[in-house]
Amino acid sequence: MTTLRTHRGGCHCGAVRFEVEAPADLVVQDCNCSICSKAGFLHLIVPAARFRLLSGEDQLVDYLWNSGVARHRFCGVCGIKSFYVPRSNPDGIDVNVRCLDEGTIASITVEPFDGRNWEANADALAHLSH
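Residue positions are given per chain, counted from 1 along the sequence in the order it is written. Two thresholds apply to this predicted model, a pLDDT of at least 70 for residue-level local features and 80 or more for giving and counting side-chain atom pairs, whereas whole-chain, interface and lining totals are computed over all residues. Excluded from the side-chain calculations are hydrogens and water; all other atoms, namely the structure's heavy atoms, are used.

Participant: How should I be thinking about the overall build of the protein chain in this particular structure?
Facilitator: Helix and strand assignments follow DSSP, with helices taken as H or I runs no shorter than four residues and strands as E runs no shorter than two, numbered in order from the N terminus. Per the secondary structure count, the protein chain includes 2 helices and 10 strands. Going residue by residue from the N terminus, the α and β elements of the protein chain occur as β-β-β-α-β-β-β-β-β-β-β-α. With C-alpha atoms as the basis for the radius of gyration, the globule rule is written as 2.2 Å multiplied by the number of residues raised to the power 0.38. Since a compact globule built from 130 residues should have a radius of gyration of about 14 Å, the 14 Å found for the protein chain is in line with a globular shape. Taken over the C-alpha atoms alone, the protein chain extends approximately 35 × 35 × 25 Å along its principal axes. When the 130 residues of the protein chain are sorted by exposure, 42% land in the buried category. Intrachain contacts of the protein chain at a sequence separation of at least 6 include 59% that bridge at least 24 residues. For the purpose of counting charges, residues Lys and Arg are taken to be positive, whereas Asp and Glu are taken to be negative. His and the chain ends are not included. Charge coordinates come from a single atom per side chain, which is NZ of Lys, CZ of Arg, CG of Asp or CD of Glu. If the 12 positive side-chain charges of the protein chain are averaged to one point and the 15 negative ones to another, these points end up 3 Å apart. For every residue, the accessible area obtained with a 1.4 Å probe (protein chains only) is divided by the maximum for its type, and the residue is called buried under 20%, exposed over 50%, and partly exposed between those limits. What makes two residues a contact is simply this: any of their non-hydrogen atoms within 4.5 Å.

This is the structure in structure tokens:
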């Protein structure tokens, strides 16, 4: 079993702060879909129980599109999406690894994910929120 540690992070202005339990050696996905490629989001999907919003709930703005399942959550002050509820794992949270604070990550392995063909590939992510 992999040992988990607490990683902290947040948006650019600091209004939104969170912590997530994940290994020190992270395996993340780089999705090529229209929204992720434009935003540069690196995906760390975890079970919802391993994510805690510490501050900024009142600053978050939701963006829903397409199926409406994904709940994209942006800081209303600086516009950064540091986490969201992903369509692939609506029972989990997807954290942008680029929004984690320095000091707790030992390594990052980036795996490509073909989100442009989401329907054909989404099942490959299902295990990440369990």
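Participant: Got a minute to help me understand the sheet that holds strand β7 (residues 71-75) in this structure?
Facilitator: What links the strands of a sheet is backbone hydrogen bonding, and the strands pair in either a parallel or an antiparallel sense. Judged by pairing direction, the sheet is mixed, and its 7 strands sit side by side in the order β6-β7-β8-β9-β4-β3-β10 without closing on themselves. Among the strands making up the open sheet, the edge pair consists of β6 (60-63) and β10 (107-113). Each adjacent strand pair in this sheet contributes to an overall mean axis angle of 35 degrees, direction not counted. At least two DSSP bridges between two strands are needed for those strands to be called paired. Examined bridge by bridge, strand β8 (residues 83-85) and strand β9 (residues 92-96) share 2 bridges and lie antiparallel to one another. When the sheet's bridge partners are listed, Phe83 is paired in β9 with Val95. Each axis is a line fitted through C-alpha atoms, and for a helix only the stretch in contact is used; angles between axes span 0 to 180 degrees, taken between their N-to-C directions.

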